[in-house]
Amino acid sequence: MIYNKEIEQMNVTQMQEIQLKRLKDLVKRVYEKVPFYKKKFDESGVKPEDIKTLADISKLPFTTKNEMRETFPYGLLSSPLDDIVEIHTSSGTTGTPVVAGYTENDRTLWSEVMARCLAMAGADKTDTIQNAYGYGLFTGGLGVHHGAGPLGAAVIPISSGNTQKQLQYMQDFKSTVLTCTPSYSLFMAEVASESGLDFRNFDLKAGIFGAEPWSDNMRVEIEKKLNLKAYDIYGLTEIIGPGVSCECQEQNGLHINEDFFYPEIIDAETGEVLPEGEKGELVFTTLSREGTPLIRYRTRDITWLFRDKCSCGRTTIKMHRLLGRNDDMLIIKGVNVFPSQIENILMKIENTEPHYQIIIDRESTQLDNVELQVEVEENFFSDETKDLEIVKNRIHDEMKQQLGISLNIKLVEPKTIERSMGKAKRVIDKRDLKAGEK
Amino acid sequence: MIDLYKDREIETMDREALEALQLLRYKSTVANALKTPFYKKRLNSVGIKSARDLKNLLDIKKIPFTTKEDLREAYPFGLLASDKEDVVRMHASSGTTGTPTVIYQTQEDLDNWTNLTTRSLVSVGCHKGDIFQNMMTYGLFTGGIGLHYGAEKLGMLVIPASSGNTKRQLQLMKDFETTVVHATPSYMLYLYSKMEEYGYTLSDFKLKKALVGAEPHSEEIRRKIEKLFNIDAYNSYGLSEMNGPSVAFECEKKAGMHLWEDSYYMEIVDEDTLEELSDGETGELVLSILIRNATPILRYRTRDLTAIIPGQCSCGRISKRITRIKGRTDDMLIINGVNVFPSQIEEVIMKMPEVGTNYRILVRKEGLLDRLIVQTEVGPSIFSDDARDMNALKRRIIDNLRASITISPTVELHEPGVLPVQEGKAIRVVDKRGENK
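Residues numbered from 1 in each chain as written. Chains lettered and ligands numbered in written order. Predicted model: local features only at pLDDT ≥ 70, side-chain atom pairs only at ≥ 80, totals over all residues. Heavy atoms only, no water.

J.: Would you explain the overall build of chain B in this entry?
T.: Helix and strand counts for chain B stand at 12 helices and 21 strands. Whereas a compact globule of 437 residues would reach a radius of gyration of roughly 22 Å, chain B reaches 23 Å, a difference of no more than 12%. Each principal axis of the C-alpha distribution contributes one length, and for chain B these read about 70 × 60 × 45 Å. Expressed as a percentage of the 437 residues in chain B, the buried residues total 57%. Long-range pairs, those at least 24 residues apart, make up 66% of the contacts in chain B between residues at least 6 apart in sequence. (Helix = DSSP H or I, 4+ residues; strand = E, 2+ residues; numbered from the N terminus. Rg over C-alpha atoms; globule rule 2.2 N^0.38 Å. Buried < 20%, exposed > 50% of the residue type's maximum accessible area, 1.4 Å probe, protein only. Contact = heavy atoms within 4.5 Å.)

J.: Please clarify how the interface of chain B and chain A should be interpreted in this entry.
T.: You'll often see interface size given as the accessible area lost when the parts meet. Counting residues at the interface gives 46 residues for chain B and 44 residues for chain A. The junction of chain B with chain A conceals about 3600 Å² of combined surface from both sides, 58% of it contributed by carbon and sulfur atoms. For the pair chain B and chain A, the number of links is four salt bridges. The salt bridge involving B:Glu85 is made with A:Lys125; its shortest N-O contact spans 3.9 Å. Where chain B packs against chain A, one counts 21 residue pairs in polar contact (both at pLDDT 80 or more). Taken together, the elements giving at least two residues each to the side of chain B that touches chain A come down to strand S1 (87-93), strand S2 (101-106), helix H6 (142-154), strand S4 (157-159), helix H7 (166-175) and helix H12 (387-405) of chain B. With six residues, S1(B) is the single largest residue contributor to the side of chain B that touches chain A. (Buried area = accessible area lost by both parts, 1.4 Å probe. Salt bridge = Lys/Arg side-chain N within 4 Å of Asp/Glu carboxyl O. Polar contact = N/O pair within 3.5 Å; in protein donor to acceptor, adjacent residues only side chain to side chain.)

J.: Explain helix H7 (residues 163-172) of chain A here, please?
T.: Since there are 3.6 residues in each turn of an α-helix, residues three or four apart along the chain are aligned in direction. Regarding H7(A), the residues found buried are A:Thr163, A:Lys165, A:Gln166, A:Leu167, A:Tyr169 and A:Met170. Contact partners of the buried residues in H7(A): strand S3 (128-131), strand S4 (154-156), strand S5 (177-180) and helix H8 (182-194) of chain A together with S1 and H12 of chain B. Looking one or two residues beyond H7(A), the residue adopting positive phi is A:Lys174, at roughly 50 degrees.

J.: Honestly, the sheet that holds strand S10 (residues 264-269) of chain B in this entry has me stumped. Any pointers?
T.: Each strand in a sheet pairs with its neighbour through backbone hydrogen bonds, running either in the same direction (parallel) or in the opposite one (antiparallel). Residues and elements named next belong to chain B. Pairing is antiparallel across the open sheet formed by four strands, whose spatial order is S10-S11-S12-S15. Looking at which strands have only one partner, the edges of the open sheet turn out to be S10 and strand S15 (327-328). As judged from the two bridges shared by strand S12 (residues 300-306) and S15, these two strands associate in the antiparallel manner. Paired with Asp304 across the two strands is Arg328, which belongs to S15. (Pairing = 2+ DSSP bridges.)

J.: Can you walk me through the pairing of S1(B) in this structure?
T.: Residue and element names in this part refer to chain B. Where burial is concerned, most of S1 is hidden: seven out of the seven residues are buried. Bridge analysis of S1 against S2 gives six bridges, and the strand direction is antiparallel. Counterpart to Ala92 in the pairing with S2 is Val102.

J.: Please explain the packing of aromatic side chains as it appears in this structure.
T.: Centre distance and the angle of the planes are the two values used to describe a pair of aromatic rings. As enumerated under the stated definition, the model contains 20 aromatic pairs over all chains in all. Between A:Tyr37 and A:Phe41, the ring centres sit 6.1 Å apart and the planes meet at 55 degrees, which makes this aromatic pair tilted. With A:Tyr37 and A:Phe41 both in helix H3 (residues 35-44) and four residues apart, this pair spans about one turn of that helix. Overall, the relative accessible area of 0% leaves A:Phe41 in the buried class. Among the aromatic side chains, those forming a connected cluster through ring pairs are A:Tyr169, A:Phe173, B:Tyr75, B:Phe77 and B:Tyr104. It is A:Arg289 that lies over the ring of A:Tyr102; its NZ or CZ is 4.6 Å from the centre. Directly above the aromatic system of B:Phe77 lies the positively charged group of B:Lys84, at a separation of 4.0 Å from the ring centroid. (Phe/Tyr/Trp six-rings, centres within 6.5 Å; stacked < 30°, edge-to-face > 60°. Lys NZ or Arg CZ within 6 Å of the ring centre and 35° of its normal.)

J.: For this particular structure, what's the right way to read the sheet that holds strand S20 (residues 410-414) of chain B?
T.: All names here are of chain B. Strand order in this open sheet of four strands is S20-S19-S18-S21, and the pairing throughout is mixed. Edge positions in the open sheet fall to S20 and strand S21 (429-431), since each of these has one partner strand only. Each adjacent strand pair in this sheet contributes to an overall mean axis angle of 20 degrees, direction not counted. Sheet topology note: the strand S18 (residues 355-366)/strand S19 (residues 369-378) ladder contains nine bridges and is antiparallel. The partner of Arg360 across the bridge, within S19, is Gln375. Seen against the sheet, helix H10 (residues 342-350) touches S18, S19 and S21 and runs at an angle of roughly 140 degrees to S18. (Axes fitted to C-alpha atoms, helices over the stretch in contact; angles between N-to-C directions.)

J.: Honestly, helix H6 (residues 139-151) of chain A in this entry has me stumped. Any pointers?
T.: Residue and element names in this part refer to chain A. Here H6 contains 13 residues, and its C-alpha end-to-end distance of 18 Å stays within 8% of the 18 Å for a straight helix at 1.5 Å per residue. Across the 13 residues that make up H6, a large majority, 11, are buried. If you check which residues of H6 are buried, you get Thr139, Gly140, Gly141, Leu142, Gly143, Val144, His145, His146, Gly147, Ala148 and Leu151. In the segment just after H6, Gly152 is the residue with positive phi, at about 85 degrees. (Expected span 1.5 Å × (residues − 1).)

J.: Would you take a moment to explain the packing of helix H8 (residues 185-195) of chain B against helix H9 (residues 219-229) of chain B for this structure?
T.: Two quantities define a packed helix pair, namely the angle between the helix axes and the distance between the axes. Residue and element names in this part refer to chain B. Relative to each other, H8 and H9 sit at 30 degrees, their axes nearing to 10 Å. Between H8 and H9 lies a crossing whose hand is left-handed. Contact residues: H8 offers Pro185, Met188, Leu189, Leu191, Tyr192 and Met195, while H9 offers Ile221, Lys224, Ile225, Leu228 and Phe229. Its residues placed into classes, the contact of H8 with H9 shows 10 nonpolar, no polar and one charged. (Left-handed = near helix turned anticlockwise from the far one by under 90°. Nonpolar A, V, L, I, M, F, W, Y, C, P; charged D, E, K, R; others polar.)

J.: What is the right way to read the domain arrangement of chain A from this model?
T.: Along its sequence, chain A is carved into domain 1 (5-327) and domain 2 (332-429). Taken over C-alpha atoms, the centre of domain 1 of chain A sits 32 Å from the centre of domain 2 of chain A. (Domains from an automatic or database assignment.)

J.: Teacher, can you tell me more about the packing of helix H2 (residues 12-33) of chain A against H3(A) here?
T.: Residue and element names in this part refer to chain A. For the pair H2 and H3, interaxial distance at closest approach is 5 Å and the crossing angle is 105 degrees. The pairing of H2 with H3 is recorded here as roughly perpendicular in orientation. Of the residues in H3, those in contact with Val27, Val30, Tyr31 and Lys33 of H2 are Pro35, Tyr37, Lys38, Phe41 and Asp42. (Parallel < 35°, antiparallel > 145°, perpendicular 65-115°, else oblique.)

In structure tokens:
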């Protein structure tokens, strides 16, 4: 089923007309209402009137994640605070988070694009969606939740975690669609198999997985183990949350809701716009957002854009599944973490040395296993194990509190972590996320 | 001047008109209930074959009570009165065993609920422009999502913080200039106690109101919260069987909670004889929900003890007020706002062969929060084994319990014969929260 035939099957010319009209309105609005953008536009010597064609978008300056941080909390609002009805923040929660503000219209827009995505994966009002993304400030849970409303599907707002209960609910309520991170779905499969449960006896037909990069190899495994079709969904808090793009039944590229999110691919070094089919950094402009609109937001995600005659009948532009991120941000269990954040927390803890390493592995469980190795002071290591436990727990708790993830902490003797003459290798990522993507 | 009546006509109608509305809605609820095998049998047994058999409100007394056990037996779809296709939401709360209590909602049901939560927020002076930090858990529990949609509809800015992570809660309160919070009373006190440690003072916040609920608390606790934060605190009552928050809510007069009688039919009964009690007398609250198509529940025994406050509130609302919840008529424990039945715990640990038959449940205050401790006896072989095996077993007990009751208790393993053995009915639950205040 196509949720919004008029838009999703529109011809390119008409789509571009809508995009251009919305772009002009947006540029005018942010120039008038957001001092941050006025300053940026003025500095680049561009005026709203300069936007005459879609190609003129390249005259506008980019917006970066750092700028979103600098304008925290309300610096990017283009609507009065009174008109904001919901707020979300990015999962990287230390220091300054990135804030997305939604007006009532933005919320309606979000529900609309999420409903389209759920429909792309084959869901309709007869479905029961078990939503195992985390609920709260994270956009994953509430994003899917909001989208199920207009679709008319039943939502089980089970949130993440409690795997036994997840499996019980799947059977008892005959859930047909599962939404969560891909790694969590595989963990569910493992727990099911330990409990002697067989997914062939379940009613699941589709899984809509996102919030962390995953490979085609992983898809094969998920589809086999959970006996469903696994769809990739893409989104980020800054743009709206989940719902920016999603795979259709073809499972060949993600249809972008381009009437609201205008995509570009740029050369990450030069900032130059690249043609369709060329690989580069994905950039989005939120054509209709009123709360926190973004002009040419640099996602740091690497992919390419293409249009094909998709058998699903949708004409919207597609993006290939993510090939990676062009900076050092780690995505662990769906949470965005920068090594610098870990460092930041660690450096405040007494009795530790400033030498550490993050080792990320995806074991048979398919859950990200993150070991944080930390050196402790020479004299401290010989002390009672109880004291070591205290430091270990302290590090664990601080990380959990500030980053929202549980790390395995391993205290090691001084000088055990490899030293480098140049840049220290802080992260060892043993996950093979790109397997199968040659 | 802000209008504190969202639905002025309904909130201030006279009793006669209210009762006419109740009868109308009760009839349509009965018509719905008759679509479920469970209620068809029950209602037929007392001669109610169609909604027309309900001539006046007194006829309601003929209907048998519904209990939590009934809901468990109807699990999972036995009380579903709408087409599955029309269901858009499901919520669940803890049952007396691992089987949860489930409710379904259609879009219309959700709209009705949202209308009530909006009305409740308006009645305590919340308005568009307020920044609302919702510290109740989001998910299957109705506390978080329930007020989320009502606040959004009112045009408040909602920060869906969910529960926990105190440091971040304080930071959000400061950065976003939060004016209204929704939390359990004990969490409000905990939040205050952590302010200094995390480097905040009251002057960092713009807080004006706290909506507190999900656990019983005294007037003293309310005053304490108000004084500590220099805010107004309002009491909120709800249970997931009846949709969740906004079954009853205090108005700005803070003189008891208005039970929204246009949406719920209320009775107070003697817990033993089940006779209806007069206004002012304390007994068990019995509720029928009048605004939900997908899961009608009639004369539900809430197990909560309260009394109707005689007379009308000076705010002018017609809906009668109930007192703070005074206790429970069953053994349900409320641990930091989460409902836990001892039978759930027993069910989990008795399924584990390594665990002996003797166990004890201890609840005490750890600082301002509740701590649940489960003490069990284990076989001598396990006890003498490697400490790692013991820890692994402990871990497994905690995991299994968390899957059932959603909170992580402390588990203590003891050698056989260490826990006190009672003659006759064992006293399994020791609640020490009242001590050493």
